[in-house]
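Listed below, chain by chain, are the residues.
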There are 2 protein chains.
Amino acid sequence: MTYVNTFTALADPTRRAVFEAVARQPQSVAELARDQPVSRPAVSQHLKVLVEAGLVKATPQGTRRIYTLDRTGLTSLRNYLDQFWTDTLGAYAAEVHRQSTKH
Amino acid sequence: MTYVNTFTALADPTRRAVFEAVARQPQSVAELARDQPVSRPAVSQHLKVLVEAGLVKATPQGTRRIYTLDRTGLTSLRNYLDQFWTDTLGAYAAEVHRQSTKH
DNA sequence: ACTTACGGTAAGTTATGACTTACGTTAATA
DNA sequence: TATTAACGTAAGTCATAACTTACCGTAAGT
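Residues numbered from 1 in each chain as written. Chains lettered and ligands numbered in written order. Predicted model: local features only at pLDDT ≥ 70, side-chain atom pairs only at ≥ 80, totals over all residues. Heavy atoms only, no water.

Turning our eyes to something else, we now look at the protein's contact with DNA strand D. Inspection of the region around DNA strand D gives 23 residues, with A:Arg15, A:Ser39, A:His46, B:Ser44 and B:Tyr67 positioned closest. A share of 64% is what sugar and phosphate atoms reach among the atoms of DNA strand D within 4 Å of the protein. At 3.2 Å, a backbone N or O of B:Val29 approaches a phosphate oxygen of DNA strand D. Take B:Ser44: an N or O atom from its side chain is 2.2 Å from a phosphate oxygen of DNA strand D. Where the surface near DNA strand D is concerned, the elements lending two or more residues are helix 2 (13-24) and helix 4 (40-52) of chain A together with helix 3 (29-34), helix 4 (40-52) and strand 2 (64-69) of chain B. (Near = heavy atom within 4 Å. Polar contact = N/O pair within 3.5 Å; in protein donor to acceptor, adjacent residues only side chain to side chain. Helix = DSSP H or I, 4+ residues; strand = E, 2+ residues; numbered from the N terminus.)

Given below as structure tokens:
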């Protein structure tokens, strides 16, 4: 049920920008904050949410913390989406038929 | 760039519940509201957001409006996610190598 | 040991958005 | 045509969450 927080995590524009920046290139908090129009603590708070959502993870390196991409969040997200291409197909086709055969 | 609103649309719990209910079974607004702990106008507002995100679409049927699943939102969402399994792989592998070969 | 760089957290403010009730419109029914 | 059912929207309220500044701990360099 990680996808519950995953949508919320990627909903915010700046937080999604931080996520995409991490995906492009593992970086420290200060480096990430440099490219964003918000303060460093704001980026830190966004990263906390992204970690809880399983989208990024931190690897301490001295006083710095390099944030890298975490696939677990993306995987659960993909699994959630796949649901609507498989499970729902039956009910969907059934409804289409119900509508077309309506007197 | 539909995915920008798609995350926001699926972030809210009740709105995601409405979306899943529509995916399971195309329904009218009143029917959807019956299963939700919020009022009918609230469901109507949620549906508006879902329509704008390309996740559901309405087909008028008398005074009623039957909401059905729309794949366009899900497709753009899937395309966005696929980005992190392809484009990023190079930079990700490069960083892993950089970390492991660090003196 | 002192300083400096890095980053997480606390506290407070502000903006956003999820909800309510009230109302207007449209289509079917009597 | 009067009524009723279904739905969208406007207006207003309230909770949440995204930001700020200030502060603290930690690790490295001098």
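A word on empty space enclosed by the protein. Scanning the entire structure with this criterion turns up 1 cavity of 30 Å³ or more. Considered as a void within the structure, the largest cavity measures approximately 40 Å³ in volume. The wall of the largest cavity is formed by A:Arg78, A:Leu81, A:Asp82, A:Trp85, B:Arg78, B:Leu81 and B:Asp82. When residues of the lining of the largest cavity are traced back to their parent elements, those giving at least two are helix 5 (71-100) of chain A together with helix 5 (71-100) of chain B. Looking at which element gives the most residues to the lining of the largest cavity, the answer is helix 5 of chain A, with 4 residues. In the lining of the largest cavity, the residues fall into 3 nonpolar, no polar and 4 charged. (1 Å grid on protein atoms, 1.4 Å probe; cavity = no way out; pocket = protein on both sides within 12 Å on 5 of 7 lines; lining within 4 Å. Points joined across faces, edges and corners; volume = space filled by probe spheres on them. Nonpolar A, V, L, I, M, F, W, Y, C, P; charged D, E, K, R; others polar.)

If charged atoms from side chains of opposite charge come close, those side chains can pair. Throughout the structure, instances matching the rule amount to 4 salt bridges over all chains. We note a salt bridge from A:Asp82 to B:Arg78, for which the minimum N-O separation is 3.3 Å. A residue pair is termed interchain when its members come from two chains, as with A:Asp82 in helix 5 and B:Arg78 in helix 5. The partly exposed category is assigned to A:Asp82, whose relative accessible area is 26%. Look at B:Arg78 and you get partly exposed, because its relative accessible area is 29%. A salt bridge links B:Arg64 to B:Glu31, with the nearest nitrogen and oxygen atoms 3.2 Å apart. With B:Arg64 in strand 2 and B:Glu31 in helix 3, this residue pair connects regions lying 33 residues apart in the sequence. By relative accessible area, which is 30% here, B:Glu31 ends up partly exposed. (Salt bridge = Lys/Arg side-chain N within 4 Å of Asp/Glu carboxyl O. Buried < 20%, exposed > 50% of the residue type's maximum accessible area, 1.4 Å probe, protein only.)

A few words now on the protein's contact with DNA strand C. Lining the immediate surroundings of DNA strand C are 23 residues, of which A:Ser44, A:Tyr67, B:Arg15, B:Ser39 and B:His46 lie closest. Take the atoms of DNA strand C that sit within 4 Å of the protein: sugar and phosphate atoms are 66% of them. Within the contact set of DNA strand C, a phosphate oxygen lies 2.8 Å away from a side-chain nitrogen or oxygen of B:Arg15. B:Ser39 has a polar side-chain atom sitting 2.5 Å from a phosphate oxygen of DNA strand C. For the surface near DNA strand C, the elements supplying multiple residues, two or more each, are helix 3 (29-34), helix 4 and strand 2 (64-69) of chain A together with helix 2 (13-24) and helix 4 of chain B. Among the residues forming the surface near DNA strand C, the class breakdown is 7 nonpolar, 10 polar and 6 charged.

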